[in-house]
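Breakdown of the fold
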Amino acid sequence: MKKSVFFGALAATTLVSGMAMAGTLDDVKARGELICGSNTGLTGFGAPDASGNWSGFDVDLCRAIAAAVLGDPTKVKFVPTTGETRFTALQSGEVDLLVRNSTWTASRDSELALDFVAVNYYDGQGFMVKKDLGVSSAKELDGATVCIQTGTTTELNLADFFKQNNITYQPVTVADDSEAQRQYLAGACDAYTTDASGLAASRATMPDAENHIILPEIISKEPLGPVVRHGDNNWGDVVRWTYYALLIAEEKGITAANVEEVLASTTDEEVKRLLGASGDMGVKFGLDNAAFKNAIAAVGNYGEIFARNIGEGTSINLARGLNALWTQGGLQYSPPFR
């Protein structure tokens, strides 16, 4: 009897806990606004302008999710978070999800009770130095001072790299990208290390960008992506498949400009399901059947988002590389929309 009572109570506790954690989609609908944990300001990925209007690669994913859930890509509140505050903000419910250059790791899955639902940017950690430092390789940074954000995977990667190469460094810890850039430009550190995409974004805003080089070494794997609370499976599915919808759209040649034309004329059954012309895929996620069409119409496909914010036609000038579609030699790949 005692054992039965114990397991009954445990099951009830688990059920209540699961129910308490599983309401983000309903919360967002009731609130009429999506709250995204963002970077404090990283050009090309997520930053506000002088009027407080946010734009960027990660910002567009948040707007796509708002369009899918609420039918309006403008119904988003962006909450800046640092490397140290971002996960607490998500765990506490201050934000509905994080979309801000966060790396998927085993410990973050197992210890923080968070779920990374996809990888929207495959990255790796690099180093930036001033040309006049006279360094062409990170292995030449013995004894250097290095600006690094606290609460990030880059701290551990940095320690591992210097130890493995039997060289030393002096860390200069900073809270966010903006402080790192200020300290680096002021000469407080010889080198700045973070994800290579972040280095490119920072360099693009420097008045003398040509005097700064990103060294060739990439010392880690940094799969970056949106994060939700563990156990909130329905919400995780909504975020995941909104992102995958943008990938499928690129693969199928669907853009923000032609999505309505494709909807009216397509004979591709997967595209029909994606755009809500057949089946009830949106409803299965707790959304309108036009949800994913709305997301694509709001921000375009993955390729459009990449090119507009961080691609080779921008000041950040990032090649697609690993972030090309699987059909073009990259790693970006969506499961079937079926």
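Treat the numbers as computed from the prediction; the structure is a model and nothing was measured.

It is the contact of helix 9 (residues 233-252) with helix 14 (residues 302-309), at a shortest axis distance of 6 Å, that shows an interaxial angle of 95°. Classified by the interaxial angle, the pair formed by helix 9 and helix 14 is roughly perpendicular. Each of Tyr243, Leu246, Leu247 and Glu250 in helix 9 lies in contact with helix 14, whose residues at this interface are Tyr302, Gly303 and Ile305. For the contact of helix 9 with helix 14, the residue count by class is five nonpolar, one polar and one charged.

Take the sheet that holds strand 12 (residues 212-214) next. Within the open sheet, the five strands sit side by side as 10-9-11-8-12. Their pairing is mixed. Each having just a single partner strand, strand 10 (169-174) and strand 12 make up the two edges of the open sheet. Along the sheet, successive strands turn relative to each other by an average axial angle of 30°, direction set aside. Here strand 9 (residues 144-149) runs beside strand 11 (residues 191-195); their pairing, made up of two bridges, is parallel. Note on strand 11: the bridge partner recorded for Val146 is Ala191. The sheet contacts of helix 8 (residues 196-204) involve strand 8 (125-130), strand 11 and strand 12, and relative to strand 11 the element is tilted by about 125°.

Further remarks concern the confidence of the model for the chain. Mean pLDDT for the chain: 92, with 93% of residues reaching 70 or above. The low-confidence segment residues 1-22 (pLDDT under 50) makes five contacts with residues lying over four places distant or belonging to another chain.

Orientation of helix 3 (residues 57-70) relative to helix 13 (residues 291-299), taken along the N-to-C sense of each, is 140°, at an axis distance of 7 Å. Between helix 3 and helix 13, the crossing angle belongs to the class labelled oblique. With respect to the hand of their crossing, helix 3 and helix 13 are arranged in right-handed fashion. The residues of helix 13 that touch helix 3, namely those facing Asp60, Arg63, Ala64, Ala67 and Ala68, are Ala291, Asn294, Ala295, Ala298 and Val299.

Let us look at the state of the cysteines. Covalently bonding the sulfur atom of one cysteine to the sulfur atom of another cysteine gives a disulfide. For the structure shown, the criterion picks out two disulfides. Two residues share a disulfide in this structure: Cys36 and Cys62, whose sulfurs sit 2.2 Å from each other. One disulfide, between Cys36 and Cys62, carries an S-S torsion of -110° and so falls in the left-handed class. With Cys36 in strand 1 (residues 34-38) and Cys62 in helix 3, this residue pair connects regions lying 26 residues apart in the sequence.

In this section: helix 3. Compared with an ideal rise of 1.5 Å per residue, which puts 14 residues at 20 Å, helix 3 spans 20 Å between its outermost C-alpha atoms and is within 8% of the ideal. For helix 3, the tally of buried residues reaches 13 of 14 residues, placing the bulk of the element in the interior. Note on helix 3: the residue one or two positions beyond its end, Gly71, has a positive phi of about 75°.

Tallying each qualifying case throughout the model produces 21 aromatic pairs. Aromatic side chains Phe57 and Tyr121 sit 6.0 Å apart centroid to centroid with 85° between the ring planes, which places their arrangement in the edge-to-face category. Of the two residues, Phe57 sits in helix 3 while Tyr121 sits in strand 7 (residues 121-123), which places them 64 residues apart along the sequence. We classify Phe57 as buried; its relative accessible area is 3%. When the ring of Trp241 is compared with that of Tyr244, the centres are 5.2 Å apart and the planes differ by 75°; the resulting orientation is edge-to-face. Of this pair, Trp241 and Tyr244 are both found in helix 9, three residues apart, which corresponds to roughly one turn of the helix. What makes Tyr244 buried here is its relative accessible area of 14%.

So, how was this worked out
- Residues numbered from 1 in each chain as written.
- Predicted model: local features only at pLDDT ≥ 70, side-chain atom pairs only at ≥ 80, totals over all residues.
- Heavy atoms only, no water.
- Axes fitted to C-alpha atoms, helices over the stretch in contact; angles between N-to-C directions.
- Helix = DSSP H or I, 4+ residues; strand = E, 2+ residues; numbered from the N terminus.
- Parallel < 35°, antiparallel > 145°, perpendicular 65-115°, else oblique.
- Contact = heavy atoms within 4.5 Å.
- Nonpolar A, V, L, I, M, F, W, Y, C, P; charged D, E, K, R; others polar.
- Pairing = 2+ DSSP bridges.
- pLDDT = per-residue confidence, 0-100.
- Left-handed = near helix turned anticlockwise from the far one by under 90°.
- Disulfide = S-S within 2.5 Å.
- Expected span 1.5 Å × (residues − 1).
- Buried < 20%, exposed > 50% of the residue type's maximum accessible area, 1.4 Å probe, protein only.
- Phe/Tyr/Trp six-rings, centres within 6.5 Å; stacked < 30°, edge-to-face > 60°.

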